[in-house]
Amino acid sequence: MAKPLTDQDKRKQISVRGLAGVENVTDLKTNFNRHLHFTLVKDRNVATKRDYYFALANTVRDYLVGRWIRTQQHYYEKDPKVRICSTVEEADDWLRYGNPWEKARPEYMRPVHFYGRVEHTADGVKWVDTQVVLALPYDTPVPGYRNNIVNTMRLWSAKAPCDFNLKDFNVGGYIQAVLDRNLAENISRVLYPNDNFFEGKELRLKQEYFVVAATLQDIVRRFKASKFGSTEFVRLDLSSLPDKVAIQLNDTHPAMAIPELMRILVDVEKLTWEKAWDIVVRTCAYTNHTVLPEALERWPVDLFHNLLPRHLEIIYEINRRHLERITKLYPGDLDRLRRMSLIEEGDIKKINMAHLCIVGSHAVNGVARIHSEIIKDTVFKDFYETDPEKFQNKTNGITPRRWLVMCNPGLAEVIAERIGEDYIRDLDQLKKLLDFVDDDSFIQDVAKVKQENKMKFAAYLEEQYKMKINPNSMFDVHVKRIHEYKRQLLNCLHIITLYNRIKKEPNKSWTPRTIMIGGKAAPGYHTAKMIIKLITSIGDIVNNDPVVGDRLKVIYLENYRVTLAEKVIPASDLSEQISTAGTEASGTGNMKFMLNGALTIGTMDGANVEMAEEAGEENLFIFGMRVPDVEALDKKGYDAASYYRRIPELKQAMDQISGGFFSPSQPDLFKDLVNMLMNHDRFKVFADYEDYIQCQEKVSALYKDPKEWTKMVIHNIAGCGKFSSDRTISQYAREIWGMEPSLEKIPAPDDPR
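Small disclaimer: the values here were computed from a predicted structure and weren't measured.

What is the right way to look at unusual backbone geometry in this model?
Negative phi values dominate among residues other than glycine, just as trans dominates among peptide bonds. For Asn148, which is not glycine, the phi torsion reads 65° and is therefore positive. Here Asn148 shows up in the loop between strand 5 (131–143) and strand 6 (150–159). Of the residues examined, Asn148 reaches a relative accessible area of 35% and is grouped as partly exposed. Positive phi outside glycine occurs at Asp251, with the angle close to 70°. Mapped onto the fold, Asp251 is located in the loop between strand 7 (247–250) and helix 8 (257–268). The class of Asp251 is buried, set by a relative accessible area of 10%.

Now the structure itself:
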């Protein structure tokens, strides 16, 4: 709250009594203080003249809103001509209508430099003749759970400097001036979306460096400041930075934090290389999220030389010192030097950003136990042998506040009635539900909540897709990014097999299924887009076959996002987690489904392994190759054609896809998918087909026994305690960031301190 006005404040205040139309000066003052506090998030201790101006501007705007609305009503009544556009693939323009949760902070704008050249002078290294883009911060509040704490998420938007090519504009070069301005601001206009597939494009490197450079400048500024709101720097010794700051490199995308922090410490703060490097390593830690080679970032040296010349010099020096150390540890082992170098030689020299992250961090972790073991045994084996103490595991987690209490209040309440509400903060307490596995009333309550959720979602699907869904059918759900390793194609083969079986024996008592597949494909990922097309094409045939009826429906969930996930996950019976063993780092969707009472059919991959341990492997539907089996098959050689020839139902399904059964107007539509599956499928779909089909038969059989199904569901919910993000973050804090998590609750704003 704003503090009471002193006599001096009153004398400084601008009179508003003469403003036309303002009847109540007291209300105006109240609104002014309200905007100063809640819109600008300032009080009079830290507010500047500009803050007072914006508070007044927002107050005045409030009085204009009525006129503004009336104008829009006028346009609506007159119905003027408007322009309308429509496309198949749409960008997610999430800022089109603004973001009411964010607050721009132009007072903390920071310059970010690109291009230019490096000068080595007696006064040190200087990066000169650069192009400057301004980073404008936007703050979003992140509230804690019932503790009055609100943290800040700071995002950055690229802005051209005010004097950007102003001379060109003044002499008539309007178009070029505007184009240059747009080019600068393109950095944050569209995010490069390709995930698990790396493309070494300049704009992506610009984006990664832009966010890193702005954030690090902000970190150093805040570290130096004495107190909240202060503009004076009093903490000038940066040697204690690691005691106050932890930088977690979330995959290799922010890897530029390492050379950028070195540049700040050495070139700007004038620290020695050795002292700066010690600070960087103690401050930074690296989380790896994928072992797929095509996803690991490797930037061309030439691109760095042009865009970030000083950082290239710093990376070369980091590599030189790193290889000196490796040479001393392993004298004469030139092959190891090549494997561990930050610079990959070849026709195009490249910088291995994962290697940079490992060398420049004090801790390296995977995000599930099996994933952490894989990176130690394979992709980062040399680094693990050199610095085993660096490597850790931090299994991912999810927040039960959003992924149970908020999205599934019915189930949350049923649980609370049995074990109380403390599980919301301490998810391990869900183990108490094991006492109720055989409790008929609890079994009935859990089943009732699931059915209610299914009926709600069935109504939603009918509204959105104009398709009547049987709410008593099994809701079999496979939602995640569309990617070959996640094996949506294996699911497609099961759908086709099930369809063929129903057609062959239409009078048999089949377990009805509604199979839903959802997820987005990266814009440049052709195979993923064809997988989506195959899913929808299968659905067109299956859903319109009168013989099949409501015993099998196939729906592609469009525009899968958090909002839709909050609807479909509580309604799901079966969760598909069927990636090839050894390819999924962890997954978190698997945990969300488990917590919301869906059973899992999956491989022993990612966090599925730990889910099976926590709930009991007998309470999941586990199938397929394990990691050693995949490795053995790699050595032997995977021959897709042998499975095709040996398994009649697989051959029939593939022949239907290749022969145009699901694309009659374009028989060869899926030839690329067929070719991939038959000739160069790295993820071995056919090798797991038989076991997957047999496992699905077990799923169908159990679903016919609702009580036993629900008892298995209860075992799964009771085993979810480990998968709370509270546990994950506490482990990061204690074991990587060197701090103790706090459960402190601070006073509310109206409470005395």
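Sorry if this is basic, but what is going on with helix 8 here?
Residues that lie three or four places apart on an α-helix share one face, since the helix turns once every 3.6 residues. In terms of burial, helix 8 is a largely internal element, 11 of the 12 residues being buried. Inspection of helix 8 places Ala257, Ile258, Pro259, Glu260, Leu261, Met262, Arg263, Ile264, Leu265, Val266 and Asp267 among the buried residues, and these make up the whole buried set.

Honestly, the UniProt feature "modified residue: N6-(pyridoxal phosphate)lysine" (unreviewed entry) in the protein chain in this entry has me stumped. Any pointers?
According to UniProt, the feature "modified residue: N6-(pyridoxal phosphate)lysine" (unreviewed entry) maps to Lys592 in the numbering used here. Along the chain, Lys592 falls in helix 22 (residues 589–595). Here Lys592 falls in the buried class, since its relative accessible area comes to 16%. Apart from residues no more than four positions distant in its own chain, Lys592 is found in contact with Ile398, Trp403 and Ile569.

I would appreciate a short explanation of the pattern of salt bridges in the present structure.
Between side chains of opposite charge, a pair can form as their charged atoms come close. Under the criterion given, the structure shown has 59 salt bridges. Asp139 is paired through a salt bridge with Arg154; the nearest N and O atoms lie 2.6 Å apart. Here Arg154 lies in strand 6 and Asp139 lies in strand 5, a separation of 15 residues in the sequence. Relative accessible area serves as the criterion here: at 10%, Asp139 is assigned to the buried category. Here Glu317 makes a salt bridge to Arg321, at a shortest N to O gap of 2.7 Å. Of the two residues, Glu317 and Arg321 both sit in helix 11 (residues 309–329), four residues apart, roughly one turn of that helix. Under the relative-accessibility criterion, Arg321 is labelled partly exposed at 30%. Linked through salt bridges whose partners overlap, the residues forming this network are Lys42, Asp51, Arg105, Glu107, Asp139, Arg154, Asp218, Arg221 and Arg222.

Just checking my understanding: could you explain the state of the cysteines for this structure?
A covalent bond between the sulfur atoms of two cysteines is what we call a disulfide. Within this structure, the stated rule accounts for zero disulfides. Here Cys357 stays free of any disulfide, with the sulfur of Cys284 as its closest cysteine sulfur at 8.6 Å.

Where do I start with the sheet that holds strand 12 (residues 364–366) in this structure?
Whether parallel or antiparallel, the strands of a sheet pair through hydrogen bonds between backbone atoms. Taken together, four strands build an open sheet; the order of strands is 7-8-12-13 and the sheet is parallel. One side of each edge strand has no neighbouring strand; the edge strands of this open sheet are strand 7 and strand 13 (391–393). Within this sheet the neighbouring strands show an average axis-to-axis angle of 25°, counted without direction. Relative to strand 8 (residues 284–287), strand 7 is paired through four bridges, and the arrangement is parallel. Looking at strand 8, one finds that Asn250 is bridged to Thr287.

It is not clear to me how the packing of aromatic side chains should be interpreted in this structure. Could you clarify?
To describe a pair of aromatic rings, you give the distance between the ring centres and the angle between the ring planes. Tallied over the entire structure, the rule returns 16 aromatic pairs. An angle of 20° between the planes, with centres 6.3 Å apart, marks the rings of Phe32 and Tyr52 as stacked. A residue pair is termed long-range when its members are at least 10 positions apart, and Phe32 in helix 2 (residues 25–39) and Tyr52 in helix 3 (residues 49–78) qualify at 20 residues. Among the residues examined, Phe32 registers a relative accessible area of 17% and is labelled buried. With a centroid separation of 5.8 Å and an interplanar angle of 35°, the aromatic rings of Tyr638 and Tyr643 are classed as tilted. Taken together through their ring pairs, the aromatic side chains of Phe114, Trp127 and Tyr209 make up a single cluster. Sitting over the face of the ring of Tyr108, Arg221 holds its NZ or CZ atom 4.2 Å from the ring centroid. Over the ring of Tyr330 we find Arg336, and its NZ or CZ is 3.9 Å from the ring centre.

Teacher, can you tell me more about the pairing of strand 17 (residues 574–577) here?
The side chains of a regular strand alternate, residue by residue, between the two faces of the sheet. Side-chain alternation along strand 17 places Leu574 and Glu576 on one buried face and Ser575 and Gln577 on a second face that is also buried. Summarising the sheet, strand 14 (residues 474–479) and strand 17 pair through two bridges and their orientation is parallel. Bridge pairing in strand 17 places Asp476 opposite Leu574. Relative to strand 18 (residues 599–602), strand 17 runs parallel, the two sharing four bridges. The residue of strand 18 that forms the bridge with Glu576 is Ile601. In this fold, strand 17 hands off to helix 22, which returns the chain to strand 18; that crossover is right-handed.

Would you take a moment to explain the pairing of strand 8 for this structure?
Here strand 8 shows no split at all, with Cys284 and Tyr286 on one side and Ala285 and Thr287 on the other all buried. For strand 8 and strand 12, the ladder comprises two bridges, and the chain directions are parallel. Bridged to Tyr286 within strand 12 is Val364.

Which parts of the structure should I look at to understand the confidence of the model for the protein chain?
Atom-level detail of predicted coordinates should not be read off regions where pLDDT is low. Mean pLDDT over the protein chain: 89, with 88% of residues reaching 70 or higher. Across residues 1–22, confidence stays below pLDDT 50; counting only partners more than four residues off in sequence or on other chains, it has 17 contacts. Here residues 74–85 is a poorly scored stretch, pLDDT under 50, and it has one contact once near neighbours within four places are set aside; other chains count.

How do you make sense of the sheet that holds strand 14 when you look at a structure like this?
Pairing is parallel across the open sheet formed by six strands, whose spatial order is 16-15-14-17-18-19. With partners counted over all chains shown, the strands left at the sheet margins are strand 16 (552–557) and strand 19 (621–622), one partner each.

So what exactly am I meant to see when it comes to a negative patch on the surface here?
Taken together, Glu413, Glu421, Asp422, Asp426, Asp428 and Glu614 make up a surface patch of like negative charges. Tracing the sequence through the fold places Glu421 in the loop between helix 17 (409–419) and helix 18 (440–465). Looking at Glu421, the relative accessible area reads 48%, which means it is partly exposed.

Teacher, can you tell me more about helix 24 (residues 627–636) here?
Those residues of helix 24 that sit buried are Val627, Val630 and Leu633. For helix 24, the buried positions fall inside an angular range of 125° around the axis, keeping them on one side. Exposed side of helix 24, more than 90 degrees from the buried face: Pro628, Lys635 and Lys636 are the residues found there. Of the surrounding elements, those touching the buried residues of helix 24 are helix 14 (369–377) and helix 25 (640–646).

Please clarify how the side chain of Asn470 should be interpreted in this entry.
Looking at where Asn470 falls in the secondary structure, it is placed in the loop between helix 18 and strand 14. Judged by its relative accessible area of 17%, Asn470 falls in the buried class. Side-chain polar atoms of Asn470 contact the backbone nitrogen of Asn472, separated by 2.9 Å. Once you skip the residues sitting within four places of it in the chain, Asn470 turns out to touch Phe475, Pro512, Thr514 and Asp550.

Procedures and definitions
Every chain's residues receive numbers from 1 upward, in the order its sequence appears when written. The predicted nature of this model means local features are confined to residues of pLDDT at least 70 and side-chain atom pairs, given and counted, to a pLDDT of 80 or more, with totals for whole chains, interfaces and linings taken over all residues. Excluding hydrogens and water, the side-chain figures rest on all heavy atoms present in the structure. For the purposes of this entry, the term helix denotes a DSSP run of H or I that reaches at least four residues, the term strand denotes a run of E that reaches at least two, and both are numbered from the N terminus. When accessible area is computed with a 1.4 Å probe and restricted to protein chains, residues below 20% of their type maximum are described as buried, those above 50% as exposed, and intermediate ones as partly exposed. UniProt positions are given in the numbering used here, feature names are shortened, and annotations may be inferred rather than shown by experiment. Note on contacts: a residue pair is in contact if any heavy atoms of the two residues lie within 4.5 Å. The working definition used for a salt bridge is a side-chain nitrogen of Lys or Arg within 4 Å of a carboxyl oxygen of Asp or Glu. For the purposes of this analysis, a disulfide is any pair of cysteine sulfur atoms at a distance within 2.5 Å. Strands are labelled as partners when DSSP assigns at least two bridges between them. To get an axis, a line is fitted to the C-alpha atoms, and for a helix only the part in contact is used. The angle between two axes follows their N-to-C directions and goes from 0 to 180 degrees. Whether two aromatic rings pair depends on their centres lying within 6.5 Å, for rings of Phe, Tyr and Trp, where Trp uses its six-membered ring; planes under 30 degrees apart make the pair stacked, over 60 edge-to-face, and the rest tilted. Criterion for a charge above a ring: Lys NZ or Arg CZ within 6 Å of the ring centre, and within 35 degrees of the ring normal. Orient the strands so they point away from the viewer; a crossover is then right-handed if the path from the first strand over the helix to the second runs clockwise. Confidence of the prediction at every residue is given by pLDDT, a number between 0 and 100. Note on patches: the residues involved have over 30% relative accessible area and no salt bridge, like charges join within 9 Å, and the nonpolar side chains Val, Leu, Ile, Met, Phe, Trp and Tyr join within 5 Å. In these tables, accessible area is a Shrake-Rupley quantity obtained with a 1.4 Å probe, and a residue counts as shielded only by the protein chains included in the view. Lys and Arg are tallied as positive, Asp and Glu as negative. Neither His nor the chain termini are counted. Lys charges are placed at NZ, Arg charges at CZ, Asp charges at CG and Glu charges at CD. The directions considered for the arc are those from the helix axis to the C-beta atoms. Two N or O atoms count as a polar contact when they lie within 3.5 Å, although within protein this holds only if one can serve as hydrogen donor and the other as acceptor, and sequence-adjacent residues are included solely when both atoms are side-chain atoms.

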